[in-house]
Amino acid sequence: MEPHSFEVIAEREKGLRRSLSTAQLSMIAIGGAIGTGLFLGSGFAISFAGPSVLVSYAIGALIALLLMGCLAEMTVAHPTSGSFGAYAEYYIGPWAGFMVRYAYWSSIVIAVGTEATAIAVYMKYWLPDIPGWYWIVGFSGALVGVNAVSVKVFGSVEYVFSMLKIAAIVAFIVLGAWMVAGAPSGSGIGLANYTVHGGFFPKGVWGMWVAVIVAIFSYLSIEMIAVAAGEASEPRQAVIRAFRATVLRLVLFYLLTLALMLAIVPWTAAGTGQSPFVRVMVATHIPGAPGVINFVILVAALSAMNSQLYTSTRMMFSLARAGYAPRRFGQLNRHGVPVAALLLSATGIALATVVNALHPDTSFILMLAISMVAPMFTWFMIFVTHLFFRRRHRDEALGFRMWGYPATPLLGAGLMLGALLTTIFTREFRMTLLFGVPFLALLALAYRFWRRGWLRERGVESEVLG
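Residues numbered from 1 in each chain as written. Predicted model: local features only at pLDDT ≥ 70, side-chain atom pairs only at ≥ 80, totals over all residues. Heavy atoms only, no water.

Engineer: What should I look at first to understand the overall build of the chain in this one?
Structural biologist: Along its length, the chain carries 20 helices and zero strands. Expressed as a percentage of the 466 residues in the chain, the buried residues total 60%. By sequence separation, contacts in the chain at least 24 residues apart represent 82% of the contacts at least 6 residues apart. (Helix = DSSP H or I, 4+ residues; strand = E, 2+ residues; numbered from the N terminus. Buried < 20%, exposed > 50% of the residue type's maximum accessible area, 1.4 Å probe, protein only. Contact = heavy atoms within 4.5 Å.)

Engineer: Where do I start with unusual backbone geometry in this structure?
Structural biologist: Among all residues save glycine, negative phi is the norm, and among peptide bonds the norm is trans. Following Tyr405, the chain continues into Pro406 via a peptide bond in cis, with omega recorded as 0°. Tracing the chain through its elements places Pro406 in the loop between α18 (373-392) and α19 (407-422).

Engineer: Please explain the nonpolar core as it appears in this structure.
Structural biologist: Nonpolar side chains in soluble globular proteins tend to end up buried together. Membership of the largest hydrophobic core comes to 143 residues, with the highest contact counts inside it found for Tyr57, Phe84, Tyr102, Ile216 and Trp379. Among the elements that take part in this core, helix α7 (residues 94-123) stands out by supplying 17 residues, more than any other. (Core = buried A, V, L, I, M, F, W, Y, C linked by side-chain atoms within 4.5 Å.)

Engineer: Please explain the pattern of salt bridges as it appears in this structure.
Structural biologist: Pairing between side chains of opposite charge can happen when their charged atoms approach one another. One pass over the full model with this rule turns up two salt bridges. Glu73 is the salt-bridge partner of Arg390, the closest N and O atoms lying 2.8 Å from each other. Pair noted here: Arg390 is in helix α18 and Glu73 is in helix α5 (residues 53-77), with a separation of 317 residues, a long-range link. Here Arg390 matches Glu73 in class, with each residue buried. Note that Arg101 is salt-bridged to Glu89, the shortest N-O span being 2.9 Å. Taken as a pair, Arg101 in helix α7 and Glu89 in helix α6 (residues 83-91) lie far apart in primary sequence, twelve residues in all. Given the relative accessible area of 0%, Arg101 is considered buried. On the accessibility criterion, Glu89 (3% relative accessible area) is buried. (Salt bridge = Lys/Arg side-chain N within 4 Å of Asp/Glu carboxyl O.)

Engineer: I keep staring at the side chain of Thr311 and nothing clicks. Help me out?
Structural biologist: Relative to the elements of secondary structure, Thr311 occurs in helix α14 (residues 289-321). Given the relative accessible area of 0%, Thr311 is considered buried. In this structure Thr311 touches Tyr104, Met224 and Val227, once residues within four positions along its chain are discounted.

Engineer: Is there a simple way to think about the packing of α7 against α18 in this case?
Structural biologist: Relative placement of two packed helices is described by the angle separating their axes and the distance separating the axes. Taken N-terminus to C-terminus, the directions of α7 and α18 make an angle of 140°; their axes are 8 Å apart at the nearest point. Judged on the interaxial angle alone, α18 and α7 are oblique. Seen from above, α7 lies across α18 with left-handed handedness. Taken together, the residues of α18 that come into contact with α7 (itself represented by Trp95, Ala96, Met99, Val100, Ala103, Tyr104, Ser106 and Ser107) are Ala374, Pro375, Phe377, Thr378 and Met381. Residue classes in the contact of α7 with α18 are distributed as ten nonpolar, three polar and no charged. (Axes fitted to C-alpha atoms, helices over the stretch in contact; angles between N-to-C directions. Parallel < 35°, antiparallel > 145°, perpendicular 65-115°, else oblique. Left-handed = near helix turned anticlockwise from the far one by under 90°. Nonpolar A, V, L, I, M, F, W, Y, C, P; charged D, E, K, R; others polar.)

Engineer: Where do I start with the packing of aromatic side chains in this structure?
Structural biologist: The description of an aromatic ring pair uses the distance of the two centres, along with the angle that the planes make with each other. Evaluated as defined, the whole model comprises twelve aromatic pairs. Plain terms: the ring middles of Phe154 and Tyr310 are 4.5 Å apart, the flat faces sit at 5° to each other, and that makes the pair stacked. With Phe154 in helix α9 (residues 151-182) and Tyr310 in helix α14, this pair connects stretches of sequence that are 156 residues apart. In terms of burial, Phe154 and Tyr310 fall into one category: buried. Seen from their ring centres, Phe200 and Phe201 are 5.2 Å apart, and the 75° between their planes marks the pair as edge-to-face. Take Phe200: its relative accessible area is 26%, and that puts it in the partly exposed class. One Lys or Arg, Arg391, reaches over the ring of Phe388 and ends 5.4 Å from the middle of that ring. (Phe/Tyr/Trp six-rings, centres within 6.5 Å; stacked < 30°, edge-to-face > 60°. Lys NZ or Arg CZ within 6 Å of the ring centre and 35° of its normal.)

Engineer: Even after reading the chapter, I still don't get the environment of Leu443, so can you show me in this structure?
Structural biologist: Within the secondary structure, Leu443 is located in helix α20 (residues 430-457). The exposure class assigned to Leu443 is buried, which follows from its relative accessible area of 9%. Along the sequence, Leu443 and Val100 sit 343 residues apart, while their C-alpha atoms lie 9.7 Å from each other. Residue contacts for Leu443: discarding those within four places in its chain leaves Phe98, Met99, Tyr102 and Ala103.

Engineer: In this structure, what is going on with α14? I would like to understand it.
Structural biologist: Counting along an α-helix, one turn takes 3.6 residues, and residues three or four places apart therefore face a common direction. With 33 residues, α14 extends 48 Å from end C-alpha to end C-alpha; this agrees with the ideal 48 Å at 1.5 Å per step. Counting buried residues along α14, 30 of its 33 residues qualify, which places the element largely inside the surrounding structure. Immediately downstream of α14, the backbone of Gly323 shows phi near 85°, a positive value. (Expected span 1.5 Å × (residues − 1).)

Engineer: Quick question: what am I supposed to make of the packing of α6 against α18 here?
Structural biologist: Viewed as axis vectors pointing N to C, α6 and α18 meet at an angle of 50°, and their least axial separation amounts to 9 Å. As judged from the angle between their axes, α6 and α18 are oblique. You can see that α6 and α18 cross each other, and the crossing is left-handed. Facing Phe84, Tyr87, Ala88, Tyr90 and Tyr91 of α6, the residues of α18 in contact are Thr378, Ile382, Thr385, Phe388, Phe389 and Arg392.

Engineer: Would you mind going over the side chain of Thr75 with me for this structure?
Structural biologist: Mapped onto the elements, Thr75 comes out in helix α5. A polar contact is formed between the side chain of Thr75 and the backbone oxygen of Leu71, at a distance of 2.7 Å. (Polar contact = N/O pair within 3.5 Å; in protein donor to acceptor, adjacent residues only side chain to side chain.)

Engineer: Is there a simple way to think about the environment of Asn306 in this case?
Structural biologist: Inspection of the secondary structure assignment puts Asn306 in helix α14. With relative accessibility at 0%, the residue Asn306 sits in the buried group. Those residues in contact with Asn306 that sit more than four places away from it in its chain are Leu143, Val146, Asn147, Phe154, Val157, Glu158 and Phe161.

Engineer: Looking at this model, I keep getting lost on a nonpolar patch on the surface. Mind explaining?
Structural biologist: The grouping of Tyr125, Trp126, Leu127, Ile130, Trp133, Tyr134, Val137, Leu164 and Phe295 at the surface amounts to a nonpolar patch, some 800 Å² of accessible area in total. Of all the elements, helix α8 (residues 132-149) adds the most residues to the nonpolar patch, at three residues. Assignment of secondary structure puts Leu164 in helix α9. Judged by relative accessible area, Leu164 falls into the partly exposed class, the value being 35%. (Patch = residues over 30% accessible without salt bridge, like charges linked within 9 Å, V, L, I, M, F, W, Y side chains within 5 Å. Areas by Shrake-Rupley, 256 points an atom, 1.4 Å probe, with all protein chains shown as cover.)

Engineer: What is the right way to read the confidence of the model for the chain from this model?
Structural biologist: Should the pLDDT be low somewhere, the predicted coordinates at that spot are not to be read in detail. The share of residues in the chain with pLDDT of 70 or more is 82%, and the mean pLDDT across the chain is 79. Averaged pLDDT values for the elements of the chain fall to 64 in helix α17 (residues 363-371) and rise to 92 in α19. Long-range and interchain partners of residues 460-466, a stretch whose pLDDT sits below 50, account for eleven contacts in this model, where long-range means more than four residues apart. (pLDDT = per-residue confidence, 0-100.)

Below is the structure:
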């Protein structure tokens with residue numbers, strides 16, 4: 001079953017158009033990673049950790065940096081849309097490729113629904129009386145249309161979305177720095193906010209560590225740059241440049257914006273009903289500023305949805321081409337888009353619509369909790385796959401080499417495992433493993449049945465399943 005060379009997998013996944021530039025590749029990763037996790041999820045993280053959320057996001061950034069280094073090394077060697085799913089299949093075994101692809105695909109499908117749920121929250125700012133599921137259906141339909149046209153159109157739209165987000169964050173950083181630097185004594189604005197409400201660790205070290213889970217969610221989708229490399233015009237050169245630029249921007253944007261936010265608005269004011277960014281804009285007393293930033297974070301959610309629809313579609317395409325899903329999901333239209341895979345990957349939107357209609361006030365945190373285990377499992381498996389990859393290429397010259405092997409992938413895997421186990425002891429995230437463990441067990445069972453059918457077709461039923 002296992003191919004003798006990776007070229008077999010690469011050949012299997014041919015047909016997608018290589019139309020994405022280096023700039024677009026960077027923006028796709030930023031588009032996915034700068035979205036609800038920063039603009040809305042940061043409020044949850046702050047409520048867990050207080051000012052020590054800065055440490056939480058720094059730990060999350062370290063995990064993301066380690067992950068990106070491992071992915072860059074493997075992607076430069078093997079640029080393909082199957083990405084880390086294909087790497088797990090080749091370097092660990094078919095079962096790993098099956099589990100990683102399906103776990104990641106399902107996580108992104110649910111993440112699309114999480115972003116859609118956030119859109120409903122943002123639209124309440126202007127039109128609080130209109131049911132949120134109206135907005136979910138309307139905006140989602142438009143984004144499915146963008147993804148169905150061509151990868152070039154998708155890349156152009158995502159580039160514009162991400163540029164708008166970056167411009168807004170830079171403006172926020174400049175305005176926030178000006179407010180903190182010029183705040184008069186007694187204004188309630190300043191670095192003293194880091195300690196006046198219970199100290200820097202008001203919820204203890206445990207609260208800081210729990211917030212790492214939200215930080216990981218915030219950085220989630222940074223790995224989609226490896227998936228998009230399969231449609232880059234110059235994949236190897238683009239991947240190296242885009243990985244470096246993306247990590248730097250994300251770390252700066254997340255940590256700087258959070259640091260300024262906490263200095264302007266006390267952490268006790270952070271809540272889940274409204275983005276903390278909007279709260280900061282209210283504090284500036286600039287006419288129209290809250291509405292402007294609410295529009296920007298709406299665009300951020302749309303951008304993240306757009307990127308996630310793209311990535312989940314390509315992962316389902318890879319599953320179909322590997323024989324792990326029905327063949328129709330591996331078929332391309334005349335523009336090189338797997339439309340059937342796209343429509344299947346939009347099912348998370350339907351889930352979000354139902355959840356929002358039934359539980360409008362708690363839908364976001366519920367969607368966040370059930371969406372976490374699969375991406376955390378995927379990140380853990382990326383670190384494990386890199387260990388197998390480097391062992392196979394121990395004495396070879398690689399186009400990009402991750403520093404600190406084997407300590408760095410082991411550290412990343414350990415931190416991910418620790419974060420996963422933490423969800424058991426956290427009320428807000430208990431659903432993560434309660435939903436996730438049975439789901440992963442179901443995937444393992446599905447692989448076993450799929451494997452048995454594959455063996456039966458080839459008359460080798462006596463072969464050991466695995």
